[in-house]
Amino acid sequence: MSGSSEATVLTTTADERRAPERRLAQRLRWALADGWTITLRDLKHWAAQPWQIVFGLLFSVMLVLMFGYLFGGAIEVPGGGDYREFLMPGMFAMTMLFGLEATYTAVTTDADRGVTDRFRAMPMAGSAVVVGRATADMLNSVLTLVAMAACGLAVGWRWHEGIGPALAAFGLLLLLRFALLWLGIWLALVLRSPEALMALQILVWPLGFLSNVYVSPETMPGWLGAVAEWNPLSATVSAARELFGNPGWGGESWAAQHATLMAVVWPVALVCLFFSLSVRAYRRLSC
């Protein structure tokens, strides 16, 4: 009897130790399921209104054609390389940056219409709404990159380092987009105003141009060039150009010499910061 009681106590103690792990796994499973439900909801909205996706893709293609054919002849490529091969990695990154506005618009629209408040009143994971939004935006970003790459190939852009490095470059571009969309979600949850989109656009364009996308930071005043070289966008563009085997600006600063490393460090740091801030901001919204 004593042996049986002792075994029962040991089994009960082991079950109690495993209980928190099972509860954590169950919460994670429900959070992922809720997040996917929100993702499907956003995808259904896009299917019902496909013009939003079409116009977004046309805007990206228009940028490639405009810079490739209207301004290409006026810009000297470093080392005498092909301008369109120099252009495309920068345009890929700029498209990822412009996605910040789409994320902000979608989140603020839901908040303005009361959709976010209805979600908060439902028995669902607190992170589901923001995670679902992020997943839907990432799927849209993949589609945009595919369209951009097809357009680039049509106008003469090529990668020269093999399919592996090319996929790594696209992965870094999507990582940048993943980081920026959390910034967009956080701004939308904090500001909660569709009218603030204009102010966001005013900030996005300088962030894009204050980089190595179009001009070399070495041609800027010293302090401004330093800011441009440490711009997360510059790191991703430099790394993508290197992985694609396309011409680029180079640079002597530590950030320019370690662009691939910074193309990972910057987005990871931004995700760690703004993911937690976004979930906290969502939970603190007033109904």
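What counts as what
Just so you know, the residues in each chain are numbered from 1, in the order the chain's sequence is written. Where local features are concerned, this predicted model is filtered to residues with pLDDT of at least 70; where side-chain atom pairs are given and counted, the filter is 80 or more; whole-chain, interface and lining totals use all residues. Each side-chain value is worked out from all heavy atoms of the structure, with water and hydrogens disregarded. The way it works is that DSSP assigns letters per residue, a run of H or I at least four long becomes a helix, a run of E at least two long becomes a strand, and they are numbered from the N terminus. Whether a residue is buried, partly exposed or exposed follows from its accessible area with a 1.4 Å probe, protein chains only, as a fraction of its type maximum: under 20%, in between, or over 50%, in that order. Residues are treated as being in contact if the distance between any of their heavy atoms lies within 4.5 Å. The method behind every accessible area is Shrake-Rupley, applied with a 1.4 Å probe, and residues are considered shielded solely by the protein chains displayed. Patches were defined on residues exceeding 30% relative accessible area and lacking a salt bridge, with like-charge contacts within 9 Å and nonpolar side-chain contacts (Val, Leu, Ile, Met, Phe, Trp, Tyr) within 5 Å. Each salt bridge in this description consists of a side-chain nitrogen of Lys or Arg and a carboxyl oxygen of Asp or Glu lying within 4 Å of one another. By convention, a stacked pair of Phe, Tyr or Trp rings (six-membered ring in the case of Trp) has centres within 6.5 Å and planes under 30 degrees apart, an edge-to-face pair has planes over 60 apart, and any other such pair is tilted. Take the residue count of a helix, subtract one, and multiply by 1.5 Å to get its expected span. Regarding the arc, it is the one traced by the directions from the helix axis to the C-beta atoms. With axes taken as lines fitted to C-alpha atoms, and helix axes fitted only over the stretch in contact, angles between N-to-C directions fall between 0 and 180 degrees. The labels follow the angle: roughly parallel below 35 degrees, roughly antiparallel above 145, roughly perpendicular from 65 to 115, and oblique for the rest. Throughout, a crossing is termed right-handed when the near helix is turned clockwise from the far one, and left-handed when it is turned anticlockwise from it by less than a right angle. Here the nonpolar group is Ala, Val, Leu, Ile, Met, Phe, Trp, Tyr, Cys and Pro; Asp, Glu, Lys and Arg are the charged ones; every other residue, Gly included, is treated as polar. A residue's pLDDT is simply how confident the predictor is in it, with values from 0 to 100.

**Quick word on the overall build of the protein chain**
In terms of helices and strands, the protein chain carries 11 helices and zero strands. A total of 287 residues make up the protein chain; the buried ones form 45% of that total. If you take every contact in the protein chain between residues at least 6 apart in sequence, the share linking residues at least 24 apart comes to 84%. Element-wise, carbon and sulfur atoms account for 67% of the exposed surface of the protein chain, whose accessible area totals about 14,900 Å².

**Considerations on a nonpolar patch on the surface**
Nonpolar side chains collect at one region of the surface, where Trp51, Val54, Phe55 and Leu58 lie side by side and expose about 430 Å² of accessible area between them. Among the secondary structure elements, Trp51 is positioned in helix H2 (residues 51-71).

**Regarding the pattern of salt bridges**
Taken as a whole, this structure holds five salt bridges when the rule is applied. Across the salt bridge formed by Asp137 and Arg177, the nearest N and O atoms sit 3.7 Å from each other. Highlighted residues: Asp137 in helix H5 (residues 128-155) and Arg177 in helix H6 (residues 163-191), separated in sequence by 40 residues. For Arg177, a relative accessible area of 3% gives the class buried. A single network of salt bridges, built from pairs that share partners, joins Arg41, Asp42, Asp110, Arg133, Asp137 and Arg177.

**A word on the side chain of Asn212**
Note that Asn212 resides in the loop between helix H7 (197-209) and helix H8 (222-229). Among residues more than four places away in sequence, those in contact with Asn212 are Pro217, Ser234, Val237, Ser238, Arg241 and Trp249.

**As for the packing of aromatic side chains**
By convention here, two paired aromatic rings are described through the distance between centres and the angle between planes. For the structure shown, the criterion picks out 15 aromatic pairs. Ring geometry for Phe92 against Phe170: centres 5.7 Å apart, planes inclined by 55°, an arrangement best described as tilted. Of this pair, Phe92 sits in helix H3 (residues 83-112) while Phe170 sits in helix H6, and the two are 78 residues apart along the sequence. The exposure class of Phe92 is buried, given its relative accessible area of 0%. Measuring from ring centre to ring centre gives 6.1 Å for Phe178 and Trp182, while their planes differ by 90°; the resulting arrangement is edge-to-face. Taken together, the positions of Phe178 and Trp182, both in helix H6 and four residues apart, correspond to about one turn of that helix. Through successive ring pairs, a cluster of aromatic residues spans Phe59, Phe98, Trp205, Phe209 and Tyr214.

**Quick look at H2**
The α-helix advances 3.6 residues per turn, and as a result positions three or four apart in sequence lie on the same side. Over its 21 residues, H2 extends 28 Å from the first C-alpha to the last, a length consistent with the 30 Å expected when each residue adds 1.5 Å. Within H2 the residues assigned to the buried category are Ile53, Leu57, Ser60, Leu63, Val64, Phe67 and Gly68. Seen end-on, H2 carries its buried residues on one side only, within an arc spanning 110°. Turned more than 90 degrees away from the buried face of H2 sit Phe55, Leu58 and Leu70, all of them exposed.

**What to know about the environment of Phe209**
Its place among the elements puts Phe209 in helix H7. Phe209 sits in the partly exposed class, given a relative accessible area of 39%. On a C-alpha basis, the gap between Phe209 and Leu233 in space is 9.5 Å, while along the polypeptide they are 24 residues apart.

**Considering the packing of H3 against helix H9 (residues 232-244)**
Where H3 contacts H9, the two axes come as close as 9 Å, and the packing angle between them is 140°. Accordingly, the angle class assigned to the pair H3 and H9 is oblique. Our pair here, H3 against H9, has a crossing hand that is right-handed. The segment H3 lies against H9, with Phe86, Pro89, Gly90, Phe92, Ala93, Met94 and Leu97 engaging Leu233, Val237, Ala240, Arg241 and Phe244. Broken down by class, the residue content of the contact of H3 with H9 amounts to 10 nonpolar, one polar and one charged.

**Describing the packing of H2 against H3**
In contact at an axis separation of 10 Å, H2 and H3 are set at 150° when each is read in the N-to-C sense. In this structure, H2 meets H3 at a crossing whose hand is right-handed. Mapping the contact onto sequence places Phe59, Ser60, Leu63, Val64, Phe67, Gly68 and Tyr69 in H2 and Tyr83, Arg84, Leu87, Met88, Met91, Thr95 and Phe98 in H3.

**Notes on the confidence of the model for the protein chain**
Taken residue by residue, the protein chain gives an average pLDDT of 82. The fraction at 70 or more is 89%. Across the protein chain, the element-wise mean pLDDT spans from 68 in helix H1 (residues 2-48) up to 94 in H9.

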